[in-house]
Amino acid sequence: MTQNMLWDSHRPGRIEVVCGSMFSGKTEELIRRLKRAKFAKQRVEIFKPSIDVRYSEEEVVSHDHQSIMSTPIDSSSSILLMASDIDVVGIDEAQFFDQGLPDVCNELANRGIRVIVAGLDMDFLGRPFGPMPALCAIADDVTKVHAICVRCGSLAYVSHRLVANDRRVLLGETGEYEPLCRECYQRIVQQDNEEKK
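1. Digging into the overall build of the protein
Phase 1: Regarding its fold elements, the protein presents six helices and 10 strands.
Phase 2: Counting the 197 residues in the protein, one finds 45% classified as buried.
Phase 3: For the protein, restricting intrachain contacts to residue pairs at least 6 apart in sequence, the fraction spanning at least 24 positions comes to 71%.
Phase 4: As displayed, the protein has an accessible area near 10,400 Å², and 49% of this comes from carbon and sulfur atoms.

Following this line, the structure appears as structure tokens:
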């Protein structure tokens, strides 16, 4: 009882970011941290962008099919409205949210809430993706996770798109993307450029 009172009077707010390419275990790590928080009897709320319906409309699901219930939302500002009386907030696929997400996360952390964010740090062209660079900058802790390059077995650097589509946001899985290391990705980009000549 005394420990719970101490926790309530001094809740250390913080922002934790888990980032990397597709198939690197970002969502798996997010789910692991959130389940541990629930096990510790902390009040947890999980949010994901409503456009992400690949595996489930209401659950956050990793590529290895671990899952946890979540609230799909359209705007990062909705998180502030739904995160009262919460100890831990989880946010998946953060790259798909608007640029207001870093301010939302800062406000939550300043209220004493632990915020755990997972997302792609780069798009399929290797460019910083959405609010992720700003989130990494303000985070108390950043964990970069890596997939394995499907071409050579090195640590992956980027999510290479396999289908012809220039839209920045294209939800997909192994049929649409493959994790590649920097060297294999550069080789493919060079081949594509030579074919266009």
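2. Thoughts on the sheet that holds strand S1 (residues 14-20)
Strands pair in a sheet through their backbones, by hydrogen bonds, and they do so in one of two ways: parallel or antiparallel.
Phase 1: Reading across the sheet, the six strands line up as S5-S2-S6-S7-S1-S8 and stay open at both edges, with parallel pairing between neighbours. Two strands close off the open sheet at either side, each with one partner strand: strand S5 (71-73) and strand S8 (141-145). Taking each pair of neighbouring strands and ignoring which way they run, the sheet shows an average axis angle of 20°.
Phase 2: Looking at chain direction, S1 and S8 are connected through five bridges and run parallel. Paired with Val18 across the bridge in S8 is Thr143.
Phase 3: Relative to strand S7 (residues 114-120), helix H2 (residues 26-39) is tilted by about 165°, and along the sheet it contacts S1, strand S2 (44-49), strand S6 (88-91), S7 and S8.

3. Brief notes about the environment of Glu107
Phase 1: You can see Glu107 is positioned in helix H4 (residues 101-110).
Phase 2: Between the C-alpha atom of Glu107 and that of Leu80, which follows or precedes it by 27 residues, the distance is 8.3 Å.

4. Brief notes about the nonpolar core
Phase 1: Counting 23 residues, the largest nonpolar core has Ile79, Val89 and Ile91 as the members making the most contacts within it.
Phase 2: Contributing elements (two or more residues each) for this core: S1, S6, H4, S7 and helix H5 (132-138).
Phase 3: Here this core takes five residues from H4, the largest share from any one element.
Phase 4: Those residues in contact with Ile91 that lie beyond four places of it in its chain are Leu30, Phe47, Ile79, Phe97, Leu101, Cys105, Val115, Ile116, Val117 and Ala118.

5. Digging into the pairing of S7
Looking along a regular strand, one sees side chains alternate from face to face of the sheet.
Phase 1: Most of S7 is tucked away: six of the seven residues are buried.
Phase 2: Of the strand pairs in this sheet, S1 and S7 are connected by seven bridges, and their pairing is parallel. Residue Val17 lies in a different strand from S7, and its bridge partner there is Val117.
Phase 3: Here four bridges tie S6 to S7, and the two strands are oriented parallel to one another.

6. Considering H4
For an α-helix, the turn length of 3.6 residues means that residues three or four places apart are oriented alike.
Phase 1: Buried within H4 are the following residues: Leu101, Pro102, Val104, Cys105, Leu108 and Ala109. Down the axis of H4, the sector holding all buried residues measures 160°, keeping them to one side. Residues of H4 that are exposed and point over 90 degrees away from its buried face: Asp103 and Asn110.
Phase 2: For H4, the secondary structure elements touched by its buried residues are S1, helix H3 (77-82), S6, S7 and H5.
Phase 3: Directly beyond the C-terminal end of H4, a positive phi value near 95° is found at Gly112.

7. Focus on H2
Phase 1: Between the first and last C-alpha of H2 there are 20 Å, a value that for 14 residues agrees with the 20 Å anticipated at 1.5 Å per step.
Phase 2: Along H2, the positions that sit buried rather than exposed are Lys26, Thr27, Glu29, Leu30, Ile31, Arg33, Leu34 and Ala37.
Phase 3: At the exit of H2 stands Lys41, carrying a positive phi of roughly 65°.

8. Some remarks on the environment of Thr27
Phase 1: Note on placement: Thr27 falls in helix H2.
Phase 2: Sequence separation between Thr27 and Gly119 is 92 residues, and the spatial gap between their C-alpha atoms is 8.0 Å.
Phase 3: A polar atom in the side chain of Thr27 sits 3.0 Å from the side chain of Asp92.

Rules used in this analysis
- Residues numbered from 1 in each chain as written.
- Predicted model: local features only at pLDDT ≥ 70, side-chain atom pairs only at ≥ 80, totals over all residues.
- Heavy atoms only, no water.
- Helix = DSSP H or I, 4+ residues; strand = E, 2+ residues; numbered from the N terminus.
- Buried < 20%, exposed > 50% of the residue type's maximum accessible area, 1.4 Å probe, protein only.
- Contact = heavy atoms within 4.5 Å.
- Areas by Shrake-Rupley, 256 points an atom, 1.4 Å probe, with all protein chains shown as cover.
- Pairing = 2+ DSSP bridges.
- Axes fitted to C-alpha atoms, helices over the stretch in contact; angles between N-to-C directions.
- Core = buried A, V, L, I, M, F, W, Y, C linked by side-chain atoms within 4.5 Å.
- Arc of directions from axis to C-beta.
- Expected span 1.5 Å × (residues − 1).
- Polar contact = N/O pair within 3.5 Å; in protein donor to acceptor, adjacent residues only side chain to side chain.

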